[in-house]
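Chain by chain, the residues:
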Amino acid sequence: MNKQPLKWWPSPAKLNLFLHINGRYENGYHQLQSLFQILDHGDELAFDVNFSDKITLADPIAGVADEDNLIIKAAVLLKQSLPDTKSKNLGCNIHLKKYLPMGGGIGGGSSNAATTLLILNNLWNCQLSQGELATLGLILGADVPIFIQGKTAFAEGVGDKLQQVILPPKTYLVLFPDSHVSTAEIFSLPNLPRNTAKINFNEYSFANTHNDCQELVCESYPNVAKALHWLLEYAPSRMTGTGSCVFAAFENRQEALSVQALLPAGSSSFVADGVNTSLLHSQIKAQIY
């Protein structure tokens, strides 16, 4: 019998169009406001379900042990959430096409985890609700719920309180300056701004918001500062999340591609459109399994 070809599922990137830090909770986590823009570009995952009782990664990432990979962690967490009678012998060999840079603040690992939870929930017939999957995802990381929801959203709390919003079409040039920024390191800095006033989404504009982490990251990572200063010559630009990727917003794809063509040789970048619904969720809705 011929084996069925692998079905590949999107694992999209996101941008934080702004990031305000409003304070800290008693548990030490930061109180944030942000605007998550889902992009139409990302990694791809495929799931070869079996009954081996083992979860394996067919395409390991260099320098990342399988047990530390969020893909494996997500699959294991989902399996552990099921009754023993349902999870017994469930296994999967997971394939990954990695296009997004690691440590760039565009959600690659979190998105991989969310795609894993969403697709295995169906393939393993777990029957968990989207809310239950988001709760599991939050255990793995603060950015995972946005990818579980799959909608561009205004975020509060630790990034887990999500209000779906509709943004006008924009195209983004995203530049990865080959620096890996530690989120934990940035949030531990004593001079990180932590008192930005809260806003309502109806008060949002790119011009009246900012990224509270940007200045400190640029001071510590010259490559990030250089990339950002280069982009600012062409369009409104900002660092996403805690970095290190920086992005510029354009009215259309041709403008973004024209600027991308001017980048110095060897620069790592991509052009993507902002979307209000993740391509993954569009594919799931179409029930193309």
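Presented here is an overview of the structure given in this document. (Residues numbered from 1 in each chain as written. Predicted model: local features only at pLDDT ≥ 70, side-chain atom pairs only at ≥ 80, totals over all residues. Heavy atoms only, no water.)

The next subject is the overall build of the protein. When helices and strands are counted, the protein shows ten helices and ten strands. For 289 residues, the compact-globule estimate of 2.2 N^0.38 gives 19 Å, and the C-alpha radius of gyration of the protein, at 19 Å, lies within 12% of that figure. For the protein, the C-alpha atoms occupy an extent of roughly 60 × 45 × 35 Å along the three principal directions. In the protein, buried positions account for 52% of the 289 residues. Contacts spanning at least 24 positions in sequence make up 76% of the contacts within the protein whose residues lie at least 6 apart. Counting only carbon and sulfur atoms, one obtains 51% of the accessible surface of the protein, whose full area is about 13,600 Å². Positive and negative side-chain charges in the protein, numbering 20 and 25 respectively, have mean positions lying 6 Å apart. (Helix = DSSP H or I, 4+ residues; strand = E, 2+ residues; numbered from the N terminus. Rg over C-alpha atoms; globule rule 2.2 N^0.38 Å. Buried < 20%, exposed > 50% of the residue type's maximum accessible area, 1.4 Å probe, protein only. Contact = heavy atoms within 4.5 Å. Areas by Shrake-Rupley, 256 points an atom, 1.4 Å probe, with all protein chains shown as cover. Lys, Arg positive; Asp, Glu negative; His and termini not counted. Charge placed at Lys NZ, Arg CZ, Asp CG, Glu CD.)

Evaluated as defined, the whole model comprises zero disulfides. No disulfide involves Cys92; its sulfur sits 11 Å from that of Cys126, the nearest cysteine. Since its relative accessible area comes to 0%, Cys92 is described here as buried. No disulfide involves Cys213; its sulfur sits 11 Å from the nearest other cysteine sulfur, which is in Cys218. Cys213 sits in the buried class, given a relative accessible area of 0%. (Disulfide = S-S within 2.5 Å.)

With that out of the way, let us pick up the packing of aromatic side chains. Summed over the entire model, instances satisfying the criterion amount to seven aromatic pairs. The interplanar angle of 5° and the centroid separation of 6.3 Å between the aromatic rings of Phe201 and Tyr204 together place this pair among those described as stacked. Taking relative accessible area as the criterion, Phe201 reaches 22% and is therefore assigned partly exposed. Here the aromatic residues Phe18, Phe154, Phe201 and Tyr204 are joined through ring pairs into a cluster of three or more. Positioned above the aromatic ring of Trp8 is the side chain of Lys97, whose terminal nitrogen or guanidinium carbon lies 4.3 Å from the ring centre. In this arrangement the basic side chain of Arg238 is found over the ring face of Phe206, its NZ or CZ atom lying 3.8 Å from the centre. (Phe/Tyr/Trp six-rings, centres within 6.5 Å; stacked < 30°, edge-to-face > 60°. Lys NZ or Arg CZ within 6 Å of the ring centre and 35° of its normal.)

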